[in-house]
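Structural overview
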Amino acid sequence: APSPSMAQSGIQELQRSQLLRMLNLGSSGDQAWGGAQAFKVLVYDKFCQDVISPLLKVGGLRNQGVSINVSLMAERGPLPDVPAVYFVEPTEDNVKRIVKDLASGLYESVYVNFASSVPRSLLQDLARGALHANAGQKVMGVFDRFVSFVSLSPILFSLNLPNAYATIHSPAIDDQLIQQYIARIVDGLLSVLITMHAMPIIRCPANDPVAEMVARSLEDRIREMLRTGGATTAELFSGASGRSIDSGTAAGQRPLLCVLGRDADLVTMLNHTWTYQAMAHDILNLRLNKLSVSVDGGDGSAPKMKSYDVDENDSFWAEHAGEPFPNLGPAVCAAIEDFTQKREAMTASNGADPTGGMTGGLASAFNAIPEMTEKKRSIDMHTNIATALLNEVKARELANYYELEDLFASQSVGTSVAELDKLFSEDAKGTVLDKTRALMVLYLTKPSMTPQQLESLIAGLEKIDGDAAPLKFLQHQSSIRNMTAASIAATASHTASSNPLSAASVVGSLFSKGEGLLSAGFNSIQNIMPSKKELVICQILDGLMEQKPGGLTESYLYLDPKAPAGAEAPRMRAPFRKAVAFVVGGGNYAEMQSVQEWAQAKGRHVVYGSTDMVTPAQFVDELTHLGKAQAGGGH
C-alpha cells in the first residue's frame, strides 16, 4: 500500500482521527451506540473545547451526530433519552461535575473521555461517585485519549499553556508547583508522541534545568508505561495501523525530540515581524487559527468587528502565510483577477449558445457556484485582513522598526544606540510597546553595550512613560550575557536599493484601496524584504539531526526511553530524518516558519511545538511581571 502523504500523516490529521474515533467513527468503534448517526451530546471543558476548535467546526460536529455541544460548567437541562460524550481534562473539579450530572440523571448513558492519562485516584472518585448516585450502569466507558494539545497545522502544535515563561521563572513558585507544571507539560508531549505513534530519542541542553526536567520526566513516564503496559503500550507508540508520522520511512527509524528552553533565543519573541502569518499573530492576535478585524461597514455606517478562521483549508492562506508582507498585495490582486476571469468565462459560456448548449452551460455554472463562492469569501477575508495589517503598519511605521532591528546585528553599537534613541522623541511613530521591544532587541543583540549607553536608553524609554521592568528582568538573568542572539549566521544580507526610499513612504504606497480591494504601488516596497537569517533553533536542529560533533549541541543530553534505566543508552549514529522541536516557555510563528524553511532546504520533516504560541505583547507582559516580582513589587 502507498505510504500516507504528509497531510495524511501530519499531526493535525492524526489528532482529528483520534477525535472522530471518540465520536465513534473509528473502525474499532470504542463507543457503541450506533455510530456517527446517533444523536449525542458533547460536553467539554475549556481546554478540550480549544483542542476541538481548530479540527472540527460546528458543522463537522453535526456530521458526527453531535446535536448539542456544551460546556461542562454550563447549567444543562436533562436529556434522559440521549447519550453524552464527555471530553475533559482529568481534574478533580471535572470528575465532581460529571458525578453531579450522573446523580441528576441528565443523560441516558455517558462515555467519559479524558484528554490525558487519568490518575488512579480520580478514576476511583468517578467510580465511587457513580455507584453512590446509583448510576454505575450509565457509565459505558472511560478512555484515556492522549490528545492533550492543540494542533494548529500539519506541522504545528501548542500545549495551550499561557504564561509558561513567567510561571517557570517566577521567584514565588515552590518546588511542588513547578513539579506539577512540568508534569502537565509532560502530559502534553506524551499525547503528541502517542498521537504521532513516535518513540523518540530525546535531546536537551545540559545547562537548562527546566528543559532537562521536562526531558527526563518524559523519558521516565514512557519507560514506566512500557514496563507496566507491555505490548498494548508499545503499540501506542508504534501505531499498529501504520498511520503515523513515520509512515514510509526506513524500518525502525526513530524521530528526534529536541526539548529547548525559551532562554536559548529570547530575541525572536520580541522582534517585529514582516511575514503574513507572523504579523497576523503579532498585530491582530491570531489565536487557535482565529482572528478578528475591524471592517468598514460601508454606506457611512460604523466599522464592525468581523471574526475569521484562517487555517490550511484556505488555499490562499496555505500558499501565502509565510510570504513577506510586500508580496501580499500582488497575491490578493492576482486572486481577484483570477476570480474575475473565471466569472466572466462562466457568463460568456452561458450566453454563447442560447439554444441547445444552454442546459450544459447552466449545469457547469451551477457546479462551479460553490467553488466560486468559496473563492469570493476567501478574497474578501484576506483583503480585510491585509487592510487591517496595512493600517497598523502605516499608523505605527512598523517597517521602520523591522528594518531598524534587522540592522542591529550588522551595525556598530554606537550607530544602533543613536538610531534607537531617535525613537524616544515625541514625534516618532509607534506605540510605547513597539519602542520597548526595539530596546530589548538591541540589548539582546548587542551584549557589548556599555552600562552608560543602556541607562541613557532606559531614561529615554521612561520619559515616554515606558516601563523598564522587563529589561530589568533580562539584566538580572545570570545567563543573559551568554545567550546567543537570534540574528547570527545571516545567510543573505539585507536587501536595499542604492537610493532607498524611506520605509514610511514606501509602505504608504503599498496599497491603494478602491472598492474595498487592494492594488498598486508594489515596486519600491520590494526593497523591504526579510533577511534570510538562520535562527538559533535551526542551528541546534542542524547539529542534532545531522549528528554533528562539536558546536552548539556538543553537551546536549541523550535520552532513550527504550534503554534500561540507569544505563547509558547506546547512541544511534545515523542522521535523523524526522524531528519534533519543542520550546518550553512559548513559541511564535517567525520561529516556526524559520524551522520549516530549514527543514525543507535540508530534506527533513520537523514538527514545531511549544507550551503556547505567544505574541510579543504577551511576552513583554510576562517579562514585566517577572521584573516587578524580582524587584519586590509582587505580581
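All values reported here derive from a predicted model rather than from experimental measurement. (Residues numbered from 1 in each chain as written. Predicted model: local features only at pLDDT ≥ 70, side-chain atom pairs only at ≥ 80, totals over all residues. Heavy atoms only, no water.)

1. Thoughts on empty space enclosed by the protein
One pass over the full model with this rule turns up seven cavities of 30 Å³ or more. The calculated volume of the largest cavity comes to roughly 60 Å³. Counting only elements with at least two residues in the lining of the largest cavity, the list comes to α10 (276–284) and α21 (589–602). The biggest single contributor to the lining of the largest cavity is α10, with three residues. Each residue belonging to the lining of the largest cavity can be placed in one class, and the counts come to six nonpolar, five polar and one charged. (1 Å grid on protein atoms, 1.4 Å probe; cavity = no way out; pocket = protein on both sides within 12 Å on 5 of 7 lines; lining within 4 Å. Points joined across faces, edges and corners; volume = space filled by probe spheres on them. Helix = DSSP H or I, 4+ residues; strand = E, 2+ residues; numbered from the N terminus. Nonpolar A, V, L, I, M, F, W, Y, C, P; charged D, E, K, R; others polar.)

2. Structural notes on the sheet that holds strand β8 (residues 201–204)
Strand pairs in the sheet, formed through backbone hydrogen bonds, run parallel or antiparallel to each other. Ordered in space as β6-β7-β16-β15-β9-β8-β14, the seven strands form an open sheet in which the pairing is mixed. Of all the strands in the sheet, just β6 (150–153) and β14 (557–559) have a single pairing partner and so form its edges. Strand-to-strand twist in this sheet, taken as the mean axis angle between neighbours without regard to direction, amounts to 20°. The pairing of strand β9 (residues 256–261) with strand β15 (residues 578–584) spans six bridges and is parallel. Each bridged residue has a counterpart across the sheet, and for G261 the counterpart in β15 is V584. The sheet strands contacting helix α20 (residues 536–545) are β8, β9, β15 and β16 (605–610), and the helix crosses β9 at an angle near 145°. (Pairing = 2+ DSSP bridges. Axes fitted to C-alpha atoms, helices over the stretch in contact; angles between N-to-C directions. Contact = heavy atoms within 4.5 Å.)

3. Here's the deal with the confidence of the model for the chain
With 83% of its residues at a pLDDT of at least 70, the chain reaches an overall mean of 84. Long-range and interchain partners of residues 241–251, a stretch whose pLDDT sits below 50, account for 27 contacts in this model, where long-range means more than four residues apart. Across residues 478–482, confidence stays below pLDDT 50; counting only partners more than four residues off in sequence or on other chains, it has seven contacts. (pLDDT = per-residue confidence, 0-100.)

4. Considering the packing of aromatic side chains
One pass over the structure, following the stated rule, counts eight aromatic pairs. Taking 6.1 Å as the distance between ring centres and 75° as the angle between the ring planes, the aromatic pair formed by F149 and F157 counts as edge-to-face. Here the aromatic rings of W274 and F325 are separated by 5.5 Å at their centres, their planes lie at 65°, and the arrangement is edge-to-face. With W274 in the loop between β9 and α10 and F325 in the loop between α11 (315–320) and α12 (328–352), the pair connects residues that are 51 residues apart, well separated along the chain. An aromatic cluster is present here, built from F149, F157 and F582 joined pairwise through their rings. Across from the ring centre of F143, 4.7 Å away, lies the NZ or CZ of R145, which sits over that ring. For the cation-ring pair, R184 lies above F47, with the distance from its terminal atom to the ring centre recorded as 4.8 Å. (Phe/Tyr/Trp six-rings, centres within 6.5 Å; stacked < 30°, edge-to-face > 60°. Lys NZ or Arg CZ within 6 Å of the ring centre and 35° of its normal.)

5. Re the sheet that holds strand β3 (residues 84–88)
Spatially, β2-β1-β3-β4-β5 is the arrangement adopted by the five strands of the open sheet, whose pairing is parallel. With partners counted over all chains shown, the strands left at the sheet margins are β2 (66–71) and β5 (139–144), one partner each. Strand after strand, the sheet turns through a mean of 15° between neighbouring axes, direction not considered.

6. Side note on the environment of T387
By the secondary structure assignment, T387 is in helix α13 (residues 358–396). Exposure remark for T387: the relative accessible area of 13% places this residue in the buried category. In sequence terms T387 and V293 are 94 residues apart; their C-alpha atoms lie 9.2 Å from each other. (Buried < 20%, exposed > 50% of the residue type's maximum accessible area, 1.4 Å probe, protein only.)

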